Amino acid sequence: MRLGEKMEVNYSIENGILSYVIDGVITVDDMHEVQVAREQLAGNDSIKVLSIVPSFRGYENFEAMKKAIQGDIHMLPKLSKYAMLTDSFWLRSLVLFLNLVVPKSKLKAFPLRDRKLAEKWLD
């Protein structure tokens, strides 16, 4: 995702799943796309997230980071499972740490090559 290129965001209301691909810098527009998907899933009792992260090079600006954090906090009460696909050591470590501090939700990191395993885990 080069700056100005849109983040790929998908969701399924019937399955309560939000998925997105992060490959580069996250912009305010990207966070808007994720927020629209979250709003579509707002009626679900629980939400599962599949985050696919080949590369994360930060946020375009403070506003993009703020929107990301606010959106995550707002979604947290309904988050049942969160799977991240990444080969980044620090992101996988972050998911392991967050799993300890977010007791209601289950968070797990998978290598990029294990998408089918991550999807099965989310079911």
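Predicted, not measured: the structure shown is a model, and the values here were computed from it.

## Looking at the nonpolar core
At step 1: Counting residues in hydrophobic clusters, the biggest one holds 23 residues, and the most contacted among them are M7, V9, L18, Y20, V49 and Y82.
At step 2: Among the elements of the structure, β2 (17-26), α1 (28-40), β3 (47-59), α2 (62-75), β4 (79-86), α3 (89-101) and β5 (106-110) are those that each provide at least two residues to this core.
At step 3: It is β2 that provides the largest number of residues to this core, a total of 4 residues.
At step 4: Discounting residues that sit within four places of it in the chain, Y20 has contacts with M7, E8, V9, V49, L50, S51, I52 and Y82.
At step 5: Of all hydrophobic cores here, the second largest spans 8 residues; its members include L50, I52, A83 and F110.

## Looking at a nonpolar patch on the surface
At step 1: Residues F89, W90, L94, F97, L98, L100 and V101 make up a contiguous nonpolar surface patch of about 770 Å² in total accessible area.
At step 2: Structurally, L98 is set in helix α3.

## Quick word on the sheet that holds β2
At step 1: Strand order in the open sheet formed by 5 strands is β1-β2-β3-β4-β5, and the pairing between neighbours is mixed. Pairing within the sheet leaves two strands with one partner each, and these edge strands are β1 (8-12) and β5. Adjacent strand axes in the sheet meet at a mean angle of 15°, parallel and antiparallel pairs treated alike.
At step 2: Pairing geometry for β1 and β2, over 5 bridges, is antiparallel. Looking at the pairing, Y11 lines up with L18 of β2.
At step 3: Sheet strands in contact with α1 are β1 and β2, and its direction is about 175° off that of β2.

## Points about the layout of surface pockets
At step 1: By volume, the largest pocket is sized at about 670 Å³.
At step 2: In terms of lining, the largest pocket is formed by 28 residues, of which the most central are Y20, Y59, D72, Y82 and L98.
At step 3: Secondary-structure elements contributing two or more residues to the lining of the largest pocket are β2, α1, β3, α2, β4 and α3.

## Section: the environment of F56
At step 1: Relative to the helices and strands, F56 resides in strand β3.
At step 2: Judged by its relative accessible area of 24%, F56 is partly exposed.
At step 3: Taking the C-alpha atoms as reference points, F56 and Y20, separated by 36 residues in sequence, lie 13 Å from one another.
At step 4: Every residue in contact with F56, bar those within four places of it in the chain, is listed here: I22, G24, I26, W90 and L91.

## Remarks on the side chain of T86
At step 1: Tracing the backbone shows T86 in strand β4.
At step 2: Here T86 falls in the buried class, since its relative accessible area comes to 0%.
At step 3: There is a polar contact of 3.0 Å between the side chain of T86 and the backbone oxygen of V53.
At step 4: Those residues in contact with T86 that lie beyond four places of it in its chain are V53, L91, R92, F110, P111 and L112.

What counts and how
- Residues numbered from 1 in each chain as written.
- Predicted model: local features only at pLDDT ≥ 70, side-chain atom pairs only at ≥ 80, totals over all residues.
- Heavy atoms only, no water.
- Core = buried A, V, L, I, M, F, W, Y, C linked by side-chain atoms within 4.5 Å.
- Buried < 20%, exposed > 50% of the residue type's maximum accessible area, 1.4 Å probe, protein only.
- Helix = DSSP H or I, 4+ residues; strand = E, 2+ residues; numbered from the N terminus.
- Contact = heavy atoms within 4.5 Å.
- Patch = residues over 30% accessible without salt bridge, like charges linked within 9 Å, V, L, I, M, F, W, Y side chains within 5 Å.
- Areas by Shrake-Rupley, 256 points an atom, 1.4 Å probe, with all protein chains shown as cover.
- Salt bridge = Lys/Arg side-chain N within 4 Å of Asp/Glu carboxyl O.
- Pairing = 2+ DSSP bridges.
- Axes fitted to C-alpha atoms, helices over the stretch in contact; angles between N-to-C directions.
- 1 Å grid on protein atoms, 1.4 Å probe; cavity = no way out; pocket = protein on both sides within 12 Å on 5 of 7 lines; lining within 4 Å.
- Points joined across faces, edges and corners; volume = space filled by probe spheres on them.
- Polar contact = N/O pair within 3.5 Å; in protein donor to acceptor, adjacent residues only side chain to side chain.

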